[in-house]
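# Topology and contacts: notes
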Amino acid sequence: MTQGERRTPARRTVLGAAGATVLGASTALAAGSAEAATTGRAPRRGHGYRSLPVPTVIGHRGASGYRPEHTLGSYRHALDLGAHVIEQDLVPTRDGHLVCRHENDITGTTDVADHPEFTARRTTKTVDGVALTGWFTEDFTLAELKTLRAKERIPGTRQENTLYDGRWTVPTFEEVLRWAEEEGRRRGREIWLHVETKHPSYFRSLGLALEERLAKLLRRYGRHRADSPVFLQSFEPSSIQRLAKLVDAPGVVLLSGASSRPWDFVEAGDPRTVADLVTPEGLRWIASYAQGIGPTLDLVIPKDASGRLGTPTTLVRDAHAEGLILHPYTHRNENTFLPADFRKGTDPTAYGDAFGALKRYLETGIDGIFSDNPDTALLAAADLTARG
C-alpha cells in the first residue's frame, strides 16, 4: 500500500466532517451574500477581532497541509475547509512589491532552480545572523518573480502536495487583498487575514522597509482600522510598534523559543529574551502597543526530555490578565510535528493523534491556533465547544 493510499481515506473523513461542522453558518452567510450583492463590496461587521469564534482557527500559510503554501490555491482551500482567518507572510521584491512567501529564500518553494536565466542569482546571504545559500526575493523584480511557479516546500513529508506543483505563481499581497474582497462578496462575509512582516530589520537595512509599504496597501483597501478584518504580526516587536503608529489594525507579537531573542533586540543590544517577554512585566509591555501574542505551542505546554507534553505554563492566564489574546503556532497532523505521546506508528509522515494533541492545547484557554490542517483544528474546536 502506498503512502497516498493509506492516508487518503482518513483525510477525506476529516474534510467531510469539517464541512458538516460549518454548514450551520449557511443562514448567516446567505444574509451576508444579499448585503454583498446590494453594495458590491464584502459586508462590514464592525465588531473587530473580539467577534471572531473562540478558539479561532487560522489557516497557516493557507491550508498548507494540503496545497503548496502561500498560493491562492492554498488560501482558497483553507476558506473552503472553514478556516476563520488566513495567514500571509510578506517579503519584498527588488522593486519594492510585497509578495507572499514564508521566507525571502525561495529555493525550496519555487522552481527557480529550473530557470537557467537565473542561475547567476544564486548567492549566499546572512539573514538575521544565519548564512543561507539560494535565491532571494529581493534580487528579483516582480516581473521576474512572476515567471516562477510555486511548489511544495517539504515534499518528503507531503508528497501528495507535489501534485499541485507549478499550478500557481507567487502572489503579491495586493493580489491577496483583491482576492479577499472578491471572496468576501462571493461568500457573504469578511475574509480575515493574519499578516506577518518577515525579517523587517534586515529589509529596512536594504532600503526595502516593510511597514510603510504594508500600511499603504492596508489603507488603500480599507483594512487599516481597529475593527478591520486583519491581524498584523511579527517576531520583531519594533515592527509591531512601528505599524501601530501607521495604522490601527490589531497587532500580534510572535514569540519563539524561551531562550531566543528577537532579532531587533539583538541589533539594538536589548538583552531581553522571550522568557523575559512572557513574564507578567513583559506581557504588560507588549500590551502597551499590541493586542495579542503568537507564542510557540511549547510556551503554552512545554515538552519533557522525551518530547511528551508536560504541565501547562501560566502564559494563558498571564496574557489574558493583560488583555492580550493568544494565537499559538503551529498545529500539524503528521507524526513528525506532534508531541511524542500523540504519535501513531513509526512513519513520521503518517497522521498521528492530532485530535488528542489539539484537545490538550485548546483546553488551556488559548484564543486561537495556527494550523496547516484547518479542518482538523475546526473539528477539535467544535469538540471543545460541545463539551463546554
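I will try to describe carefully the structure that is included in this document. (Residues numbered from 1 in each chain as written. Predicted model: local features only at pLDDT ≥ 70, side-chain atom pairs only at ≥ 80, totals over all residues. Heavy atoms only, no water.)

### Remarks on the overall build of the chain
Broken down by element type, the chain carries 15 helices and eleven strands. Within the chain, the proportion of its 388 residues that are buried is 55%. Taking the intrachain contacts of the chain between residues at least 6 apart in sequence as the baseline, contacts between residues at least 24 apart amount to 68%. In the form shown here, the chain has an accessible surface area of approximately 15,900 Å², with 53% of it arising from carbon and sulfur atoms. (Helix = DSSP H or I, 4+ residues; strand = E, 2+ residues; numbered from the N terminus. Buried < 20%, exposed > 50% of the residue type's maximum accessible area, 1.4 Å probe, protein only. Contact = heavy atoms within 4.5 Å. Areas by Shrake-Rupley, 256 points an atom, 1.4 Å probe, with all protein chains shown as cover.)

### Quick look at the pairing of strand E1 (residues 56-59)
Because side chains alternate across E1, one face comprises the buried residues Thr56 and Ile58, and the other comprises Val57 and Gly59, equally buried. Sheet topology note: the E1/strand E11 (residues 368-371) ladder contains four bridges and is parallel. Looking at E11, one finds that Thr56 is bridged to Gly368. Summarising the sheet, E1 and strand E2 (residues 85-92) pair through two bridges and their orientation is parallel. Among the inter-strand pairings, Gly59 is bridged to a residue of E2, identified as Ile86. (Pairing = 2+ DSSP bridges.)

### Thoughts on the environment of Leu326
As for its placement among the helices and strands, Leu326 is situated in strand E10 (residues 325-326). Since its relative accessible area comes to 0%, Leu326 is described here as buried. Note: C-alpha distance between Leu326 and Val253 (73 residues apart in sequence) is 9.7 Å. Look past the residues within four positions of Leu326 in its chain and what remains in contact with it is Ile293, Pro295, Leu315, Val316, Ala319, His320, Ile366, Asp367 and Gly368.

### Structural notes on the packing of helix H7 (residues 210-220) against helix H8 (residues 237-246)
Two numbers describe a pair of packed helices, the interaxial angle and the distance between the axes. Look at H7 against H8: their axes get within 10 Å of each other, and the N-to-C directions meet at 40 degrees. By the angle class used here, H7 and H8 are oblique. The handedness of the crossing between H7 and H8 is right-handed. Within the contact between the two elements, H7 uses Glu211, Glu212, Leu214, Ala215 and Arg219 and H8 uses Ser239, Arg242, Leu243 and Leu246. (Axes fitted to C-alpha atoms, helices over the stretch in contact; angles between N-to-C directions. Parallel < 35°, antiparallel > 145°, perpendicular 65-115°, else oblique. Left-handed = near helix turned anticlockwise from the far one by under 90°.)

### Quick notes on helix H3 (residues 72-81)
Of all ten residues in H3, seven are buried, a share of seventy percent or more. Among the residues of H3, Gly73, Ser74, Tyr75, His77, Ala78, Leu79 and Leu81 are the ones counted as buried. Immediately downstream of H3, the backbone of Gly82 shows phi near 110 degrees, a positive value.

### Quick word on the pairing of strand E6 (residues 192-197)
Most of E6 is tucked away: six of the six residues are buried. Here E6 shows two buried faces, one formed by Trp192, His194 and Glu196 and the other by Leu193, Val195 and Thr197. Here E2 pairs with E6 via six bridges, running parallel. Pairing of Leu90 across the sheet is with Thr197, part of E6. In this sheet, strand E7 (residues 230-234) lies alongside E6 in parallel orientation, the contact comprising four bridges. Across the sheet, residue Glu196 finds its bridge partner in E7, namely Gln233.

### What about the nonpolar core?
By size, the foremost hydrophobic cluster in this structure holds 81 residues, and its most contacted members are Phe173, Leu193, Leu214, Leu232 and Ile293. Counting eleven residues, the second-largest nonpolar core is a separate cluster that includes Ile58, Trp192, Ile325 and Phe370. (Core = buried A, V, L, I, M, F, W, Y, C linked by side-chain atoms within 4.5 Å.)

### Topic: the packing of H3 against helix H5 (residues 173-187)
Where H3 meets H5, the axes come as close as 12 Å, and the angle between the chain directions of the two elements is 30 degrees. By the angle class used here, H3 and H5 are roughly parallel. The handedness of the crossing between H3 and H5 is right-handed. Within the contact between the two elements, H3 uses Leu72, Tyr75, Arg76, Leu79 and Asp80 and H5 uses Val176, Trp179, Glu183 and Arg187.

### Remarks on the pattern of salt bridges
As enumerated under the stated definition, the model contains 26 salt bridges in all. Here Arg158 and Glu334 are joined by a salt bridge, their closest N and O atoms 2.9 Å apart. Taken as a pair, Arg158 in the loop between helix H4 (142-145) and H5 and Glu334 in the loop between E10 and helix H14 (354-362) lie far apart in primary sequence, 176 residues in all. Among the charged side chains, a network of salt bridges with common partners joins Arg76, Asp80, Glu183, Arg186 and Arg187. (Salt bridge = Lys/Arg side-chain N within 4 Å of Asp/Glu carboxyl O.)

### A word on the side chain of Asp89
Tracing the chain through its elements places Asp89 in strand E2. Comment: no salt bridge for buried Asp89; closest opposite-charge side chain is Arg61, at 4.1 Å. Within the structure, Asp89 has its side chain in polar contact with the side chain of His102 (distance 3.1 Å). Those residues in contact with Asp89, other than ones at most four positions away along the chain, are Arg61, His70, Val99, Cys100, Arg101, His102, Glu196 and Lys198. (Lys, Arg positive; Asp, Glu negative; His and termini not counted. Polar contact = N/O pair within 3.5 Å; in protein donor to acceptor, adjacent residues only side chain to side chain.)

### Comments concerning the environment of Asp264
Tracing the backbone shows Asp264 in helix H9 (residues 263-268). Owing to a relative accessible area of 8%, Asp264 belongs among the buried residues under this scheme. Distance in space between the C-alpha atoms of Asp264 and Ser239 is 8.7 Å, their sequence separation being 25 residues. If near-sequence neighbours (up to four positions away) are discounted, Asp264 is found in contact with Ser201, Glu236, Pro237 and Ser238.

### Details of helix H15 (residues 374-387)
For H15, with 14 residues, the first-to-last C-alpha span of 20 Å sits near the 20 Å given by 1.5 Å per residue. Burial in H15 covers these residues: Pro374, Asp375, Thr376, Ala377, Leu378, Leu379, Ala380 and Ala381. (Expected span 1.5 Å × (residues − 1).)

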